[in-house]
2 protein chains.
Amino acid sequence: MPEYKAPLRDMRFLIDNVFDFHGHYAALGATDASPDMVAAILEEGAKFCENVLAPLNRSGDEEGCHFDNGVVTTPKGFKEAFAQYVEGGWHGVAADPAYGGQGLPQSLGLVLSEMIGSSNTSWGMYPGLTHGAMSAIHAHGTAEQKDTFLTKLTAGEWTGTMCLTEAHCGTDLGLIKTRAVPQADGSYAVTGSKIFISAGEHDMSANIIHLVLAKLPDAPAGTKGISLFIVPKFHADTGERNAVHCGSIEHKMGIKASATCVLNFDGAKGFLIGEPNKGLNCMFTMMNHARLGTGMQGLCNGEASFQGAITYANDRLQMRSLTGAKAPDKAADPIIVHPDVRRMLLTMKAFNEGNRALTYFTAQLLDTAHLSKDAAQRQEAEDLLAFLTPICKAFMTDTGLEVTNHGMQIFGGHGYIREWGMEQLARDARIAPIYEGTNGIQALDLLGRKVLGSQGKLLRGFTKIVHKFCTANAEHPQLKGYVAQLNQLNGEWGELTTKVGMAAMKNPDEVGAAAVDYLMYSGYVVLAYLWLRMAIAALEQPDGDFAKAKLATCEFYFKRLLPRTATHRAAVEAGSECLMSLPAEAFAW
Amino acid sequence: MPEYKAPLRDMRFLIDNVFDFHGHYAALGATDASPDMVAAILEEGAKFCENVLAPLNRSGDEEGCHFDNGVVTTPKGFKEAFAQYVEGGWHGVAADPAYGGQGLPQSLGLVLSEMIGSSNTSWGMYPGLTHGAMSAIHAHGTAEQKDTFLTKLTAGEWTGTMCLTEAHCGTDLGLIKTRAVPQADGSYAVTGSKIFISAGEHDMSANIIHLVLAKLPDAPAGTKGISLFIVPKFHADTGERNAVHCGSIEHKMGIKASATCVLNFDGAKGFLIGEPNKGLNCMFTMMNHARLGTGMQGLCNGEASFQGAITYANDRLQMRSLTGAKAPDKAADPIIVHPDVRRMLLTMKAFNEGNRALTYFTAQLLDTAHLSKDAAQRQEAEDLLAFLTPICKAFMTDTGLEVTNHGMQIFGGHGYIREWGMEQLARDARIAPIYEGTNGIQALDLLGRKVLGSQGKLLRGFTKIVHKFCTANAEHPQLKGYVAQLNQLNGEWGELTTKVGMAAMKNPDEVGAAAVDYLMYSGYVVLAYLWLRMAIAALEQPDGDFAKAKLATCEFYFKRLLPRTATHRAAVEAGSECLMSLPAEAFAW
């Protein structure tokens with residue numbers, strides 16, 4: 001199994017040199033997030049993840065979760081690690097101090113989440129889902145609901161879930177059948193069956209607080225008739241067991257130590273949270289955070305895979321370099337001498353470091369949207385977030401999957417063997433393009449809802465930033481060629497959007513036909529912008545070797561990965577007809 | 001689990017309409033391969049695969065192989081299925097009649113292999129490896145070795161293996177440590193440890209014949225000092241156990257029902273096959289067949305995944321078409337109405353059908369190389385085979401992996417759940433880009449050894465065929481636009497090759513830097529040629545609906561997939577510097 005070491009050098013580079021987290025926190029009045037505090041979270045968080053979580057990653061995959069008559073047991077060590085995590089104060093890092101949290105900015109919570117997800121993706125699901133439930137209750141709960149539930153969740157005594165999917169509907173939540181019937185005491189009787197509920201049942205906490213989408217008896221049809229309910233496993237007042245039970249757990253390709261549950265609600269007592277029939281809106285308020293978190297899984301698995309691959313590529317001796325032996329005293333050269341192995345390693349490195357920059361960039365926007373006292377600044381951050389979130393989710397998870405596959409390939413046959421841990425990372429990474437809205441849905445959200453839905457305004461909000469950056473750096477001595485390349489793609493992005501928009505006015509299927517390739521095109525341009533920001537910042541800091549590595553990776557990105565935009569542009573321009581002309585019954589013969 | 005139905009309509013189309021197998025067999029004097037025989041093999045082979053092998057695919061993955069103190073037991077039903085396969089006469093279909101085979105052309109054996117691999121990839125490894133061992137003994141064994149071993153192998157009483165890899169070397173076989181010491185009786189005592197030996201130990205046959213690469217005591221260093229030995233599990237004469245034992249089996253990402261063994265040879269009695277120190281050459285004689293077979297696994301897993309996905313896409317109701325409800329009587333439209341789902345389905349279909357055409361095209365070349373009485377024709381076929389084989393292996397397995405990932409994605413969350421069988425196909429497909437020479441090695445073989453090593457002659461052998469085809473069809477009423485597109489790419493292919501060749505003369509690393517993207521570029525152009533051949537042949541046959549489907553898929557291929565060549569070309573042209581400049585120690589910080 002690859003040993004995990006938190007990439008603190010790269011994290012500090014982004015925090016200190018690229019995005020100036022300290023100035024950012026100071027401007028937002030987040031004074032608790034002092035440089036010392038940031039340093040402590042990085043160092044101590046790294047130790048916890050490296051020493052406690054990482055050693056449980058392979059064993060958790062091998063053992064998986066156990067289901068026995070409604071009781072779910074997590075793999076050996078998971079429960080204890082969660083206790084340590086709570087004890088160490090990690091769980092409430094970014095939570096509201098009014099309910100026992102430390103009140104640090106969300107960006108800092110995400111920095112910690114990267115380390116958690118990289119060391120043990122499955123384990124990270126339990127606190128991750130709890131944070132989602134906490135956000136929902138914080139944003140929409142009554143004062144009483146917050147007192148009752150949020151305090152316990154923040155303390156890590158209880159954990160939470162999000163119950164959306166049913167067997168017959170995932171993407172199309174308007175079809176849900178779970179019903180909530182009002183009771184005389186103001187509560188609701190919730191009845192229905194939910195599937196794919198992460199952390200739906202387990203042994204890590206004393207109670208589990210389910211947030212459940214259900215329909216009221218008089219609800220309008222479709223997504224406008226969905227409400228959100230709090231359904232605790234044990235009643236908060238009496239401690240009695242509620243009528244919600246785990247029917248089974250799924251056997252999955254990966255994240256095997258994350259319990260994915262069928263939950264059956266049999267008239268379970270629940271409490272409405274937020275307004276009736278506005279349940280989906282409640283969900284959407286935390287969507288940006290959840291989707292950025294899911295996108296980050298691509299980075300997490302990719303980083304872990306890279307750490308395995310770079311070690312192996314330096315150790316494994318196989319063949320001689322074509323330009324002459326590089327380790328003549330050994331039986332063969334380490335495989336890192338071979339250009340194609342380097343191509344894979346650099347692809348991994350360029351995506352990981354680019355995706356980390358994208359995460360931090362977006363995380364700062366989350367902070368601003370939450371903490372800024374300037375309404376215009378908040379709105380600007382919200383707009384950029386709305387635009388970047390589907391890109392983060394889909395681009396980072398698709399490229400993360402690619403990265404973990406390169407990691408396996410570098411190991412050759414050993415990459416396919418479970419013991420080495422490289423194939424687990426590819427299996428774990430495979431869920432992220434699917435859940436939290438498939439990447440196809442993210443693409444529709446980006447192109448249809450965000451870009452075309454705003455008449456291009458949300459796109460222009462970003463391309464203007466890029467354009468300004470390109471203008472400011474047009475004469476950069478080392479980078480001007482790449483700046484020009486970015487500037488051109490940035491312009492084409494707008495033209496491409498206009499083309500699709502015009503076509504979509506005649507035929508709405510043009511949006512769906514273009515969406516995924518449009519999103520990937522967008523992702524490559526966003527990363528190009530961030531790679532140049534990193535290269536410029538690297539040149540301005542004193543570590544020459546580090547700067548050279550950043551420059552080399554930036555160059556690789558522009559020469560080897562960014563040209564993929566040409567293919568995605570061509571696919572967008574190909575239009576919908578070549579997708580729609582074949583009758584459904586003529587696909588298979 | 002997706003139900004497997006052999007795609008007989010498409011197979012017959014290739015056999016009858018595109019590649020005229022009957023004329024081809026007649027010209028080669030392969031009179032046994034009559035149209036009736038071909039029809040019988042298709043129909044009866046389909047039944048066997050659909051009814052016997054396919055039902056064991058999921059259970060085999062769940063159960064896996066068992067190892068207990070040197071004894072390997074295959075999953076329930078595997079042994080019985082092998083007995084049925086042997087009894088049905090399937091094992092010797094393409095084997096030499098002198099040793100009990102049916103003597104049908106190899107292309108027909110491969111048609112059968114596709115059905116086997118699509119219904120149960122793991123199971124197919126056992127006869128597959130045996131066929132490899134049979135080819136080696138047939139090509140290089142003495143008359144006595146053939147009598148002793150080939151007859152039993154052809155009968156399916158015994159099975160075979162290929163023992164190449166050792167823990168410290170896979171790609172770089174020059175490093176092997178297994179030793180063979182001559183004995184007084186003319187045999188050799190073979191000592192060493194081999195890993196990743198598929199079908200190395202199991203319960204399906206009475207004896208296992210290992211073909212083992214080892215070094216003689218006086219062998220020259222490196223690959224020129226490797227010899228090949230026959231090492232039976234049980235001695236053919238006495239029936240006594242030989243000193244070769246299975247030390248363990250690997251726990252793998254996929255193909256779990258295929259036993260991947262560590263084999264320990266402790267002075268095991270072996271027999272030299274072929275000349276001393278020419279063991280790698282013996283291996284190379286069957287490389288084309290083995291690599292085409294491995295490439296086909298991409299097609300097999302891809303076809304099985306497509307069959308699952310198309311059924312699901314027609315059944316699963318989720319969201320409404322953006323152009324208005326298509327199934328207004330249902331709760332939602334089947335997801336096949338959505339352009340992005342169609343994009344994935346058509347990508348799967350275009351790769352599968354294109355890869356099948358590539359398989360059949362190459363399989364005919366195998367026939368010609370083996371059976372033609374005209375030396376010039378044999379040489380031409382050998383040259384084309386040498387050129388196409390690495391493309392078949394790498395392009396078909398990389399695109400096969402992509403196809404199985406689309407299949408999972410179409411299923412959404414259900415794609416990640418084992419029970420549905422879609423994720424198994426992605427796991428099974430993941431090995432094919434790694435084994436039988438990684439795809440990176442295939443790419444070096446194509447660009448370095450085949451194309452540049454022949455001064456471009458092997459490339460020109462193929463581009464001439466394409467050029468001739470384009471000239472002949474330049475005015476095709478429906479397809480001339482695509483013909484022109486192919487013709488242009490075909491020309492660029494030569495220019496790109498010249499560019500890399502010139503650069504490589506100055507710096508050998510240019511070959512490694514360009515290889516994988518060069519191979520993928522080549523694969524897309526080869527498939528474009530085959531897609532046009534299919535489209536033209538489809539228009540000439542009487543089934544209008546079938547022809548329309550072929551045309552629509554061809555159009556999709558040209559508009560949506562072929563533009564990927566632009567990205568691969570740009571990567572090739574980017575050269576090696578951006579890969580080689582970063583010092584090995586500066587990759588990770």
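Values in this document were obtained by computation on a predicted structure and should not be read as measured data.

What counts and how
- Residues numbered from 1 in each chain as written.
- Chains lettered and ligands numbered in written order.
- Predicted model: local features only at pLDDT ≥ 70, side-chain atom pairs only at ≥ 80, totals over all residues.
- Heavy atoms only, no water.
- Core = buried A, V, L, I, M, F, W, Y, C linked by side-chain atoms within 4.5 Å.
- Buried < 20%, exposed > 50% of the residue type's maximum accessible area, 1.4 Å probe, protein only.
- Contact = heavy atoms within 4.5 Å.
- Buried area = accessible area lost by both parts, 1.4 Å probe.
- Salt bridge = Lys/Arg side-chain N within 4 Å of Asp/Glu carboxyl O.
- Polar contact = N/O pair within 3.5 Å; in protein donor to acceptor, adjacent residues only side chain to side chain.
- Helix = DSSP H or I, 4+ residues; strand = E, 2+ residues; numbered from the N terminus.
- Nonpolar A, V, L, I, M, F, W, Y, C, P; charged D, E, K, R; others polar.
- UniProt positions renumbered as here; feature names shortened; annotations may be inferred.
- Phe/Tyr/Trp six-rings, centres within 6.5 Å; stacked < 30°, edge-to-face > 60°.
- Lys NZ or Arg CZ within 6 Å of the ring centre and 35° of its normal.
- Expected span 1.5 Å × (residues − 1).
- Least-squares fit on C-alpha atoms with pLDDT ≥ 70 in both.
- Axes fitted to C-alpha atoms, helices over the stretch in contact; angles between N-to-C directions.
- Parallel < 35°, antiparallel > 145°, perpendicular 65-115°, else oblique.
- Domains from an automatic or database assignment.
- Disulfide = S-S within 2.5 Å.
- pLDDT = per-residue confidence, 0-100.
- Bend = angle between axes of the 7 residues up to and from the residue.

Draft legend 1. Examining the nonpolar core more closely. Among the nonpolar cores identified, the biggest contains 401 residues, and Leu345 of chain A together with Leu345 of chain B are the most heavily contacted of them. Sequence-distant contacts of Leu345 of chain A, defined by excluding residues within four places in its chain, comprise Phe306, Ala309, Ile310, Ala313, Ile336 and Ile410 of chain A together with Phe587 of chain B.

Draft legend 2. Local environment of the interface of chain B and chain A. Of the residues lining the interface, 96 residues belong to chain B; the matching set on chain A comes to 96 residues. Around 8200 Å² of area is buried between chain B and chain A when both sides are counted, 63% of it from carbon and sulfur atoms. Looking at the side of chain B facing chain A, the largest losses of area belong to Tyr416, Phe587 and Trp589 of chain B, adding up to 11% of the total buried there. The interface formed by chain B and chain A contains two salt bridges. Here Asp517 of chain A makes a salt bridge to Arg560 of chain B, at a shortest N to O gap of 3.4 Å. There are 44 residue pairs in polar contact (both at pLDDT 80 or more) connecting chain B and chain A. Looking at which element gives the most residues to the side of chain B that touches chain A, the answer is helix α18 (residues 544-561) of chain B, with ten residues. Among the residues forming the side of chain B that touches chain A, the class breakdown is 49 nonpolar, 23 polar and 24 charged.

Draft legend 3. Molecular detail of the UniProt feature "domain: Acyl-CoA dehydrogenase/oxidase C-terminal" (unreviewed entry) in chain A. Per the UniProt record, "domain: Acyl-CoA dehydrogenase/oxidase C-terminal" (unreviewed entry) is annotated on residues 277-445 of chain A. A helix fraction of 71% and a strand fraction of 0% characterise residues 277-445 of chain A, whose end C-alpha atoms lie 22 Å from each other.

Draft legend 4. Broad picture of the packing of aromatic side chains. The full count for this structure, using the stated rule, is 54 aromatic pairs over all chains. Considering the side-chain rings of Phe82 of chain B and Trp123 of chain B, the 6.1 Å spacing of their centres and the 50° angle between planes classify their relative orientation as tilted. Of the two residues, Phe82 of chain B is situated in helix α5 (residues 78-87) and Trp123 of chain B in helix α7 (residues 121-140); the sequence distance between them amounts to 41 residues. Neither residue differs from the other here; Phe82 of chain B and Trp123 of chain B are each classed as buried. Residues Phe361 of chain B and Tyr529 of chain B carry aromatic rings whose centres are separated by 6.1 Å and whose planes lie at 80° to one another, so their mutual orientation is edge-to-face. One end of the pair, Phe361 of chain B, is in helix α11 (residues 339-371); the other, Tyr529 of chain B, is in helix α17 (residues 509-539), with 168 residues separating them in the sequence. Pair check on accessibility: Phe361 of chain B and Tyr529 of chain B agree, each one buried. One residue, Arg449 of chain A, lies across the ring of Phe284 of chain A, its end atom 5.3 Å from the ring centre.

Draft legend 5. A look at helix α16 (residues 480-506) of chain A. Residues and elements named next belong to chain A. Given a rise of 1.5 Å per residue, 27 residues ought to cover 39 Å, and the 40 Å separating the end C-alpha atoms of α16 matches this to within 8%. The complete set of buried residues in α16 reads Tyr482, Val483, Leu486, Leu489, Asn490, Glu492, Trp493, Leu496, Thr497, Val500, Gly501 and Ala504. In this structure, the buried residues of α16 make contact with α12 (375-410), α14 (439-452), α15 (457-472), α17 (509-540), α18 (544-561) and α19 (564-573).

Draft legend 6. Quick look at the relation of the copies chain B and chain A. Each copy superposes on the other: chain B lies on chain A with an RMSD of 0.0 Å after a rotation of 180° and an axial shift of 0.0 Å. Expressed as an axis order, the relation between the two copies is that of a two-fold axis.

Draft legend 7. Molecular detail of the packing of helix α14 (residues 439-452) of chain B against helix α16 (residues 480-506) of chain B. Residue and element names in this part refer to chain B. Where α14 contacts α16, the axes come no closer than 12 Å and their chain directions differ by 90°. One finds that α14 runs roughly perpendicular with respect to α16. From α14, Leu447, Val451 and Leu452 reach across to α16, where they touch Thr497, Val500, Gly501 and Ala504. Split into classes, the residues belonging to the contact of α14 with α16 amount to five nonpolar, two polar and no charged.

Draft legend 8. Representation of the domain arrangement of chain A in the model. Residue and element names in this part refer to chain A. Split by domain assignment, chain A resolves into domain 1 (8-155), domain 2 (158-277) and domain 3 (439-582). Placing a centre on the C-alpha atoms of domain 1 and another on those of domain 2 gives a separation of 23 Å. Carbon and sulfur atoms make up 73% of the area that domain 1 and domain 2 hide from each other, which totals about 2800 Å². Counting the surface domain 1 buries against domain 2, the share from its top three residues, Val72, Tyr126 and Phe149, is 21%.

Draft legend 9. Highlighting the pattern of salt bridges. Residues and elements named next belong to chain A. Summed over all chains, the structure comprises 58 salt bridges over all chains. A salt bridge links Glu201 to Lys233; the nearest nitrogen and oxygen atoms lie 2.6 Å apart. With a gap of 32 residues between them, Glu201 in the loop between β5 (188-198) and β6 (207-214) and Lys233 in the loop between β7 (227-232) and β8 (244-249) connect regions that are remote in the sequence. Lys233 carries the same exposure label as Glu201, and that label is buried. The partner of Arg427 in a salt bridge is Glu423, with the nearest N and O atoms 2.6 Å apart. Separated by four residues within a single helix, Arg427 and Glu423 lie in helix α13 (residues 422-429), roughly one turn from each other. Residue classification places Arg427 among the buried residues on the basis of a relative accessible area of 2%. Relative accessible area serves as the criterion here: at 0%, Glu423 is assigned to the buried category. One salt-bridge network, in which partners are shared between bridges, spans Asp10, Glu114, Glu303, Lys349, Glu353, Arg356 and Lys550.

Draft legend 10. Structural view of the state of the cysteines. Tallying each qualifying case throughout the model produces zero disulfides over all chains. Sulfur of Cys246 of chain A: no disulfide; nearest cysteine sulfur belongs to Cys261 of chain A and is 4.0 Å away. Judged by its relative accessible area of 6%, Cys246 of chain A falls in the buried class. Looking at Cys392 of chain B, it has no disulfide partner, and the nearest cysteine sulfur is the one in Cys300 of chain B, 13 Å off. According to the relative accessible area criterion, Cys392 of chain B is buried, its value standing at 0%.

Draft legend 11. Inspection of the packing of α11 of chain B against α17 of chain B at higher detail. All names here are of chain B. As a packed pair, α11 and α17 sit with axes 9 Å apart at the nearest point and diverge in direction by 90°. In terms of their interaxial angle, α11 and α17 are classed as roughly perpendicular. On α17, the residues touching Lys349, Ala350, Phe351, Glu353, Gly354, Asn355, Ala357, Leu358 and Phe361 of α11 are Tyr524, Val526, Leu527, Tyr529, Leu530, Trp531, Arg533 and Met534. In terms of residue class, the contact of α11 with α17 is built from twelve nonpolar, two polar and three charged.

Draft legend 12. Quick look at the confidence of the model for chain A. Here chain A shows a mean pLDDT of 97. Residues at 70 or above account for 100%. Note on the complex model: pTM 0.98, ipTM 0.98.

Draft legend 13. Fine view of helix α12 (residues 375-410) of chain B. Residue and element names in this part refer to chain B. With 36 residues, α12 extends 49 Å between its outermost C-alpha atoms, agreeing within 8% with the 52 Å of an ideal straight helix rising 1.5 Å per residue. Its axis deflected by about 35° at Leu388, α12 carries its strongest bend there, up to four residues before the proline Pro390. Counting buried positions over the 36 residues of α12 gives 26, a clear majority of the element. At the N-terminal end of α12, a side-chain oxygen is found 2.9 Å from the backbone nitrogen of Ala376, two or three residues along, and the residue is Asp374.

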